[in-house]
Amino acid sequence: FARMFVQVCLYFYCKCLWRCLKFVVRKLTGRCELQRICYNTKPGAARTMKIEASLKGSKSKRLQTSVSVHPDAIEKTIDDIMELKRINPDINPQLGVSLQACLLQIVGYRNLIAEVEKLRREPYDSENPQHEEMLLKLWKCLKPNSPLKARISKQWCEIGFQGDDPKTDFRGMGLLGLYNLVYFAEWDTEIAQQVLSDSLHPKYREVTKKELSQFSKAEWEKKKFDKAIGYSFAIVGINITDLAYNLLVSGALKTHFYNVAPEAPTLTHFQQTFCYLMHEFHKFWIEEDPLDIMEFNRVREKFHKRILKQLQNPEMALCPHFAASESLINM
């Protein structure tokens, strides 16, 4: 009964009191909610997310659907909003500009999800010359001094694939995984090669008293060279692609994209974010110092929670100016 009473109260508040409050505030200030947001909130995620919430929560269908229009229809949509809200564009010229920037971001984010989803759903096809060309480009960027001896080769394991033919490893993320890996290797080559090198070379470490109490000396001697930083670079890249994809689809990346993309976020913004996540996961893996690769899921989940927490800050921009991380180069 108590739960039902609370729900009824919340419903009454949302449907009645909140609308009454907005009406009173508009009469007192002479501005509608959209005007108050644009004039009182600085550009970026804070403003765009408030505008998005206001439009979606409006009782007007025209305002509700404005967040899903085609990019070419945004200007007309702004005119419709101004007319519906009885706002004179000659007296409020900046409002139209601000609303347009916000709608470009909101609509662009929706379109980016569709573009990323399309790539994720497209399987790798070894009969497609474009797919094969991208795969070979990945090898050349990561191993420029080691020619690939054959298309089907054990060499693929050197960059972190599981078998002789990488195409089987792209099943989970489709072409999206390959697109991200190639972007990382081509545009942030030095860091990508550094991360790959670290992932291949075990890191010797002395046994601590606590660890020694958990393992026999023989077990430790077996583990201390295996544990390393070691992980499969390409497989982890596909896994981090999955993490980036989930952040995008859940809406968590809105904070980041609305702060870094002045207009519509693009696939390039998504790929830059992937590169950032690869940088940060690599450093996080080292900080966590896992005993072996079996701890990967634990480390990944902890990393995921850290990124989510960062994105709760409306001013957060994960990689405002995409560039290679000097801290990684110096490791």
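Residues numbered from 1 in each chain as written. Predicted model: local features only at pLDDT ≥ 70, side-chain atom pairs only at ≥ 80, totals over all residues. Heavy atoms only, no water.

Looking at an unreviewed UniProt entry, one finds the protein chain named ELMD1 protein and attributed to Alca torda.

Some thoughts on the overall build of the protein chain
Where we set the bar: Each helix corresponds to a stretch of at least 4 residues labelled H or I by DSSP, and each strand to a stretch of at least 2 residues labelled E; elements are numbered beginning at the N terminus. Working rule for contacts: check all heavy atoms of both residues, and any pair within 4.5 Å makes them a contact. Computed with a 1.4 Å probe, the accessible areas rest on the Shrake-Rupley method; for each residue, only the protein chains presented here act as cover.
On a plain count of helices and strands, the protein chain comes out with 16 helices and zero strands. Across the protein chain, contacts joining residues at least 24 apart in sequence account for 68% of those joining residues at least 6 apart. Entry remark: accessible area of the protein chain is about 18300 Å², with carbon and sulfur atoms responsible for 55%.

Digging into the nonpolar core
Here is the rule: Put simply, a nonpolar core is a bunch of buried Ala, Val, Leu, Ile, Met, Phe, Trp, Tyr and Cys residues held in one set by side-chain atoms that sit within 4.5 Å of each other. Partly exposed describes any residue whose relative accessible area lies between the buried limit of under 20% and the exposed limit of over 50%, with all areas from a 1.4 Å probe on protein chains only and scaled to the type maximum. An automatic or database domain assignment supplies the start and end points of every domain.
Judged by nonpolar contacts, the single largest core of 84 residues is most densely connected at Ile51, Leu138, Leu178, Phe270 and Leu277. A per-element tally of this core places helix H6 (residues 93–121) first, with 11 residues. When residues of this core are sorted by domain, at least three fall in each of domain 1 (31–121) and domain 2 (129–312).

So, the environment of Lys140
Along the chain, Lys140 turns up in helix H7 (residues 129–142). In sequence terms Lys140 and Glu186 are 46 residues apart; their C-alpha atoms lie 9.2 Å from each other.

With respect to the pattern of salt bridges
Once their charged atoms are close, side chains differing in charge can pair, the charge on each being opposite to the other. Cut-off, in case you're wondering: Between Lys or Arg on one side and Asp or Glu on the other, a salt bridge is scored when a side-chain nitrogen of the former is within 4 Å of a carboxyl oxygen of the latter.
Counted under the stated rule, the structure contains 18 salt bridges. A salt bridge links Glu52 to Lys254; its shortest N-O distance comes to 3.0 Å. Pair noted here: Glu52 is in helix H3 (residues 45–56) and Lys254 is in helix H13 (residues 254–260), with a separation of 202 residues, a long-range link. On the accessibility criterion, Glu52 (7% relative accessible area) is buried. With relative accessibility at 17%, the residue Lys254 sits in the buried group. We note a salt bridge from Arg151 to Glu132, for which the minimum N-O separation is 2.7 Å. Of this pair, Arg151 sits in the loop between H7 and helix H8 (174–187) while Glu132 sits in helix H7; the two residues are 19 residues apart in sequence, bridging distant segments of the chain. Overall, the relative accessible area of 21% leaves Arg151 in the partly exposed class. Owing to a relative accessible area of 15%, Glu132 belongs among the buried residues under this scheme.

Topic: the packing of aromatic side chains
Selection rule: Working definition: a ring pair exists when centres of Phe, Tyr or Trp rings (six-membered ring for Trp) sit within 6.5 Å. Plane angles under 30 degrees give stacked, over 60 give edge-to-face, the rest tilted.
Within this structure, the stated rule accounts for 16 aromatic pairs. Relative to Phe233, the ring of Phe184 has its centre 6.2 Å away and its plane inclined at 15°; by these criteria the two rings are stacked. Highlighted residues: Phe184 in helix H8 and Phe233 in helix H12 (residues 233–250), separated in sequence by 49 residues. Both residues of the pair, Phe184 and Phe233, belong to the buried class. Centre to centre, the rings of Phe184 and Phe274 are 6.2 Å apart; their planes meet at 90°, and the pair counts as edge-to-face. Of this pair, Phe184 sits in helix H8 while Phe274 sits in helix H14 (residues 267–288), and the two are 90 residues apart along the sequence. Comparing Phe184 with Phe274 shows no difference in burial state: the two are buried.

Remarks on helix H5 (residues 74–84)
An α-helical segment advances 3.6 residues per turn. Residues three or four places apart therefore align on the same side. Note the threshold: The arc in question is the one spanned by the directions pointing from the helix axis to the C-beta atoms.
Looking at H5, one finds that the buried residues are Ile74, Thr77, Ile78, Ile81 and Met82. The arc enclosing the buried residues of H5, seen along the axis, measures out at 140°, which places them on a common side. Within H5, the exposed residues directed more than 90 degrees away from the buried face are Glu75, Lys76, Asp79 and Glu83. Packing partners of the buried residues in H5 comprise helix H2 (33–40), H3, helix H4 (61–64) and H6.

A short note on the environment of Phe281
Relative to the elements of secondary structure, Phe281 occurs in helix H14. For Phe281 and Val236, which are 45 residues apart along the polypeptide, the C-alpha to C-alpha distance reads 9.5 Å. Each residue touching Phe281, except ones within four places of it in the same chain, is listed here: Val236, Ile240, Phe296, Val299, Arg300 and Phe303.

What to know about a nonpolar patch on the surface
Which entries qualify depends on this criterion: In this scheme, patches are assembled from residues that exceed 30% relative accessible area and form no salt bridge. Like charges are connected within 9 Å, while nonpolar side chains (Val, Leu, Ile, Met, Phe, Trp, Tyr) are connected within 5 Å.
A surface patch of nonpolar side chains, amounting to about 500 Å² of accessible area, comprises Phe1, Phe5, Val6 and Leu10. In this structure, Leu10 sits in helix H1 (residues 2–29).

Quick word on unusual backbone geometry
Residue Arg86 is not a glycine yet carries a positive backbone phi of 55°. Note on placement: Arg86 falls in the loop between H5 and H6. The phi angle at Asp289 is positive, at roughly 50°, despite the residue not being glycine.

Observations concerning the packing of H7 against H8
What counts here: Lines fitted to the C-alpha atoms define the axes, with helices restricted to the stretch that makes contact. Angles between their N-to-C directions range from 0 to 180 degrees. For a crossing to be left-handed, the near helix must be turned anticlockwise from the far one by less than a right angle; the clockwise case is right-handed. Lys, Arg, Asp and Glu make up the charged group, whereas Ala, Val, Leu, Ile, Met, Phe, Trp, Tyr, Cys and Pro make up the nonpolar group; the residues left over, Gly among them, are polar.
At their nearest, the axes of H7 and H8 sit 9 Å apart, and the two run at 35° to each other. As for the relative orientation of H7 and H8, their crossing is left-handed in sense. Packed against H7, whose contacting residues are Gln130, His131, Met134, Leu135, Lys137, Leu138, Cys141 and Leu142, the element H8 presents Leu175, Leu178, Tyr179, Leu181, Val182, Ala185 and Glu186 at the interface. For the contact of H7 with H8, the residue count by class is 11 nonpolar, two polar and two charged.

As for the side chain of Gln271
Note on placement: Gln271 falls in helix H14. Under the relative-accessibility criterion, Gln271 is labelled buried at 8%. The residues touching Gln271, leaving out its near neighbours within four places in the chain, are Tyr179, Asn180 and Tyr183.

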